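Summary of the model geometry
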Amino acid sequence: MKKLGGVPDKDSTVAGKVYRTWMEVKAKLGGSDRESILSSCEFGEDAAKNAYQTAIDSSDLSIDQKNLVVKQHSELLSAHDKIKMLRNLQ
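Note that this is a predicted model, so its numbers are computed, not measured. Each residue is numbered by its place in its chain's sequence as written, counting from 1. Thresholds applied to this predicted model are a pLDDT of at least 70 for local features of residues and 80 or more for the giving and counting of side-chain atom pairs; totals over whole chains, interfaces and linings are not thresholded and use all residues. With hydrogens and water excluded, all non-hydrogen atoms of the structure serve as input to the side-chain values.

Points about the overall build of the protein
Here a strand is any run of E in DSSP of at least two residues, a helix any run of H or I of at least four, and the numbering for each starts at the N terminus. Of the regular secondary structure elements, the protein holds three helices and zero strands. Beginning at the N terminus, the succession of helices and strands in the protein can be written as α-α-α. A separation threshold of at least 6 residues defines the contact pool for the protein, and within that pool the share at least 24 residues apart is 57%. In short, Shrake-Rupley with a 1.4 Å probe defines the accessible areas, and a residue's cover is counted only from the protein chains shown. As displayed, the protein offers around 6900 Å² of accessible surface, 58% of which is attributable to carbon and sulfur atoms. Note on contacts: a residue pair is in contact if any heavy atoms of the two residues lie within 4.5 Å.

Here is the structure:
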């Protein structure tokens, strides 16, 4: 981010904080079986996919920044598909 002239956020989004807190509560209440964990991961990946798509659709990015975000988005989609596949194996 700095190499491209941007300033990285120092903090997480409110949605990210709520999600991490929910994951901690869920784990303490017994949601620690494989399927629950993978479903929660998929939910988190869905939120990240939406954030990346919003960034890609934005006109605030330079070409280099947009290329980087598109590359990361592609990698995220691959990870999401793998999590979904593992969850469906249950």
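Describing the side chain of His-73
Relative to the assigned elements, His-73 resides in helix α3 (residues 63-88). What His-73 contacts, discounting residues up to four positions off in sequence, is Lys-49, Tyr-52, Gln-53 and Ile-56.

Details of helix α2 (residues 34-57)
To estimate how far a helix should extend, the number of its residues minus one is multiplied by 1.5 Å. Over its 24 residues, α2 runs 34 Å from end to end, which matches the ideal 34 Å to within 8%, given 1.5 Å per residue. Among the residues of α2, Ser-36, Leu-38, Ser-40, Glu-42, Gly-44, Glu-45 and Ile-56 are the ones counted as buried. Three labels apply to residues, based on accessible area from a 1.4 Å probe with only protein chains included: buried if under 20% of the type maximum, exposed if over 50%, partly exposed otherwise in between.

Quick notes on α3
With 26 residues, α3 should cover 38 Å at 1.5 Å per step; its first-to-last C-alpha distance of 37 Å lies within 8% of that length. In this structure, the buried side of α3 is in contact with α2.

Concerning the pattern of salt bridges
Salt bridges are defined as contacts in which a side-chain nitrogen from Lys or Arg sits within 4 Å of a carboxyl oxygen from Asp or Glu. Applying the stated criterion to the full structure yields one salt bridge. The partner of Lys-71 in a salt bridge is Glu-75, with the nearest N and O atoms 2.9 Å apart. Pair noted here: Lys-71 and Glu-75 are both in helix α3, with a separation of four residues, about one helical turn.

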